[in-house]
Amino acid sequence: MKNYLLTSILLLPFCFTAAQTNDITEGRKEKDPFYLQVFIGVNKSANENLPWSEMSRYPWAMGMFTAVGQEMTDLWGWRAALRYNHNKSRNVPACENPATWGWDNLGLFGDATFDVSDALAKKPHKLNMKAFAGLGAAYTWGYDDVPLSYVNPFERSKMLLLGVRLGLNASLKLSDNVRLGAELSHSFYGDKFNGVTFSAPYDSRSNLKVGITYLIREKKPRRVVTPQEVERVNRLRECPELPMVVPVAEQVKNRRIVGRAFLDFPVNETVIYPDYRKNPEELAKMCASVDSALFDKSVQITSISLQGFASPESSYANNTRLAKGRTDALKSYLIKKYKFDQQIFKTSYTSEDWENLRSFVADSERRKVKSDVWYDNETFVETPEAPEILVRHKDELLKVIGREMDPDAREEALKQVAGGEPYRWLLQHVYPGLRHTDYIIDYVIRQFPLEQGRRLIYTHPEALSAEEMYQVAQHYKKGSEAWYDAFVIAAKQFPDDETANLNAACASAYVKRLRDARKYLQKAGNTPEAQYVQVVIDAMEGRCNWRMENGKVVLY
């Protein structure tokens with residue numbers, strides 16, 4: 001036992017060094033791939049005729065093992081080991097035979113491994129230390145002719161017994177694939193393993209072995225580096241003057257707001273009740289759109305277009321009445337609230353919104369749940385999740401919806417699909433969303449002086465033209481945050497304007513946000529100015545050979 005403890009004490013500093021070393025020339029904290037191990041060494045057997053305190057008197061023997069394993073994470077892994085040991089022991093009490101005798105055993109163990117080095121080390125390391133514990137079994141033979149004991153019962157037959165073991169394995173990296181290692185382990189087996197049938201409930205073995213671990217790494221495919229991935233040393237460090245362009249001033253600043261209101265009406269009624277069901281939320285949403293247009297007293301609303309829609313249930317004539325009446329009700333509501341002139345309104349209606357019903361059925365599998373109302377516009381698409389029966393009969397439903405026939409007859413045909421179950425679900429969950437009013441607000445905004453423009457660019461950017469935003473940017477120091485913001489806001493407000501995108505690309509390049517610069521440059525057209533900005537960005541990223549001539553970047 002003293003020898004076992006002494007060996008453990010001697011090995012632990014080596015293992016701790018493996019976890020703490022700062023040698024970073026080779027190796028990194030990583031998962032070990034599939035590996036093979038071959039180790040050979042010495043072992044001692046604790047025969048139950050001897051107390052553990054006498055372990056220093058146990059004879060040395062030899063053994064070996066071969067193993068395969070792999071780390072599944074940076075810390076945890078597995079190993080399977082086939083172990084052979086030739087064990088020696090002796091019966092030392094005076095009444096027994098003092099001769100040394102030996103036997104053999106072959107064991108198979110499955111171990112769980114823990115990478116102590118990766119758990120403790122903060123830097124890459126050459127040395128690696130793993131703790132392990134495992135379960136297995138061993139088959140014993142070879143003590144048929146030896147005197148196990150003269151005074152106690154004993155067992156001579158070959159035996160297969162379960163066992164447990166634990167230990168430490170430390171290894172030094174010799175190359176990417178090869179490690180030189182040492183392993184200290186201790187195993188416990190059920191009684192009778194040494195043949196003696198009394199006293200201690202188990203027998204034990206101590207093993208110290210050295211050997212080689214070979215890591216089977218996957219061969220990495222040779223990576224072909226494209227010219228775009230090559231970062232040259234000759235990178236343009238400071239952005240030169242770039243060709244920003246003053247946007248064309250808008251003579252008349254026309255603006256438009258487009259929206260959709262889902263108002264709830266009692267059955268067959270056309271009167272708007274502001275506090276009914278979802279009406280407070282929907283009216284607030286529409287009024288926010290109007291208020292956004294009327295943020296300045298000088299704003300002139302030129303027209304408000306309202307188009308009302310009804311859902312297909314009930315008769316077509318009644319739905320026509322509802323669509324028209326509910327559109328007129330919304331018009332009256334806005335006139336009363338904002339004192340609008342009736343002349344600015346343009347109203348129309350669609351008696352039954354078959355088109356949006358068709359759109360829902362066609363796309364029902366990708367839509368998502370949002371209460372019992374579904375929406376469909378440029379910014380989001382959310383609906384109740386369609387049941388399986390509706391998805392299964394989608395083609396049949398679309399065929400009925402697409403028929404050129406009397407609307408009431410088409411409604412009846414829709415009710416017959418799959419026994420009417422899809423129709424009942426549509427009536428409950430989708431038809432409420434078909435009762436809506438689309439609105440378009442057109443208005444004209446005046447020109448704003450610079451001081452007002454500096455405030456409006458953050459609060460009401462839609463009120464400014466691209467040219468006004470350009471003038472706001474010029475008011476700030478070049479390269480400052482406010483200067484950069486003005487160009488970026490202009491590009492977002494006018495996403496299809498080539499000049500606004502060119503200026504945003506120039507500003508992004510100047511502050512070295514090159515990824516953003518490329519994004520805006522994609523919408524800046526193919527003008528000479530845009531082509532030159534492309535050259536500058538390539539030079540700043542080191543993607544080309546360049547030189548400076550008269551303050552400009554020139555390729556060569």
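From a predicted model like this one, the values you see are computed outputs, not experimental measurements. (Residues numbered from 1 in each chain as written. Predicted model: local features only at pLDDT ≥ 70, side-chain atom pairs only at ≥ 80, totals over all residues. Heavy atoms only, no water.)

Caption draft 1: Layout of the overall build of the protein chain. Looking only at helices and strands, the protein chain has 16 helices and 16 strands in total. Burial status across the protein chain gives 47% buried among its 556 residues. Long-range contacts, defined here as pairs at least 24 residues apart, represent 67% of the contacts in the protein chain between residues at least 6 apart. (Helix = DSSP H or I, 4+ residues; strand = E, 2+ residues; numbered from the N terminus. Buried < 20%, exposed > 50% of the residue type's maximum accessible area, 1.4 Å probe, protein only. Contact = heavy atoms within 4.5 Å.)

Caption draft 2: Region of interest: the nonpolar core. One finds Phe340 and Ile441 to be the most contacted residues of the largest nonpolar core, which totals 70 residues. In this view, Ile441 contacts Arg255, Arg256, Ile257, Ser289, Val290, Ala293, Ile301, Ser303 and Ile304; residues no more than four positions away in its chain are not counted. Core analysis: the next-biggest nonpolar cluster, separate from the first, contains 18 residues, Leu390, Tyr423, Leu426 and Tyr431 among them. (Core = buried A, V, L, I, M, F, W, Y, C linked by side-chain atoms within 4.5 Å.)

Caption draft 3: Layout of the pairing of strand β7 (residues 178-190). Where strand β6 (residues 159-173) lies against β7, 11 bridges are found, and the strand directions are antiparallel. Bridging from a neighbouring strand, Gly163 pairs with Tyr189 of β7. Linking two consecutive strands that pair antiparallel, namely β6 and β7, is a turn of four residues. Strand direction decides the pairing type here: β7 and strand β8 (residues 202-215), joined by 13 bridges, are antiparallel. (Pairing = 2+ DSSP bridges.)

Caption draft 4: Molecular detail of the pattern of salt bridges. Scanning all chains against the criterion turns up 28 salt bridges. The salt bridge involving Arg79 is made with Asp111; its shortest N-O contact spans 3.3 Å. With Arg79 in strand β3 (residues 76-90) and Asp111 in strand β4 (residues 100-115), this residue pair connects regions lying 32 residues apart in the sequence. Judged on exposure class, the residue Arg79 and its partner Asp111 are both buried. One connected set of salt bridges, linked through shared partners, spans Asp32, Glu71, Asp115, Lys130 and Arg179. (Salt bridge = Lys/Arg side-chain N within 4 Å of Asp/Glu carboxyl O.)

Caption draft 5: Layout of the environment of Gln251. Inspection of the secondary structure puts Gln251 in the loop between β8 and β9 (253-261). Remark: the alpha-carbon pair of Gln251 and Ser465, spanning 214 residues in sequence, is separated by 9.9 Å.

Caption draft 6: Summary view of the side chain of Arg260. Structurally, Arg260 is set in strand β9. Within the local environment of Arg260, its side chain forms a polar contact with the side chain of His436, the two groups lying 3.5 Å apart. (Polar contact = N/O pair within 3.5 Å; in protein donor to acceptor, adjacent residues only side chain to side chain.)

Caption draft 7: Up close: the environment of Gly41. Turning to its location among the elements, Gly41 is positioned in strand β1 (residues 35-46). A relative accessible area of 18% means that Gly41 is categorised as buried. C-alpha separation for the pair Gly41 and Phe65, spaced 24 residues apart in sequence, amounts to 9.1 Å. Sequence-distant contacts of Gly41, that is, excluding residues within four places in its chain, are made with Ala61, Met62, Gly63, Leu208 and Lys209.

Caption draft 8: Representation of the packing of aromatic side chains in the model. Tallied over the full model, the rule gives 14 aromatic pairs. A ring pair is formed by Tyr84 and Trp141, whose centres lie 6.5 Å apart and whose planes are at 40 degrees; its orientation type is tilted. In this pair, Tyr84 is assigned in strand β3 and Trp141 in strand β5 (residues 127-141), connecting sequence segments 57 residues apart. Of the residues examined, Tyr84 reaches a relative accessible area of 27% and is grouped as partly exposed. Since its relative accessible area comes to 27%, Trp141 is described here as partly exposed. Consider the rings of Trp483 and Phe487, whose centres lie 5.2 Å apart with planes at 80 degrees: the pair is edge-to-face. (Phe/Tyr/Trp six-rings, centres within 6.5 Å; stacked < 30°, edge-to-face > 60°.)

Caption draft 9: Here's a closer look at the packing of helix α5 (residues 354-363) against helix α7 (residues 394-401). Contact geometry for α5 and α7: axes closest at 10 Å, N-to-C directions at 165 degrees. On the basis of the axis angle, α5 is roughly antiparallel to α7. Note that α5 runs across α7; the crossing there is left-handed. Between α5, through Trp354, Leu357, Arg358, Val361 and Ala362, and α7, the contact on the second element is made entirely by Lys394, Leu397, Leu398 and Ile401. Among the residues making up the contact of α5 with α7, the classes are represented as seven nonpolar, no polar and two charged. (Axes fitted to C-alpha atoms, helices over the stretch in contact; angles between N-to-C directions. Parallel < 35°, antiparallel > 145°, perpendicular 65-115°, else oblique. Left-handed = near helix turned anticlockwise from the far one by under 90°. Nonpolar A, V, L, I, M, F, W, Y, C, P; charged D, E, K, R; others polar.)

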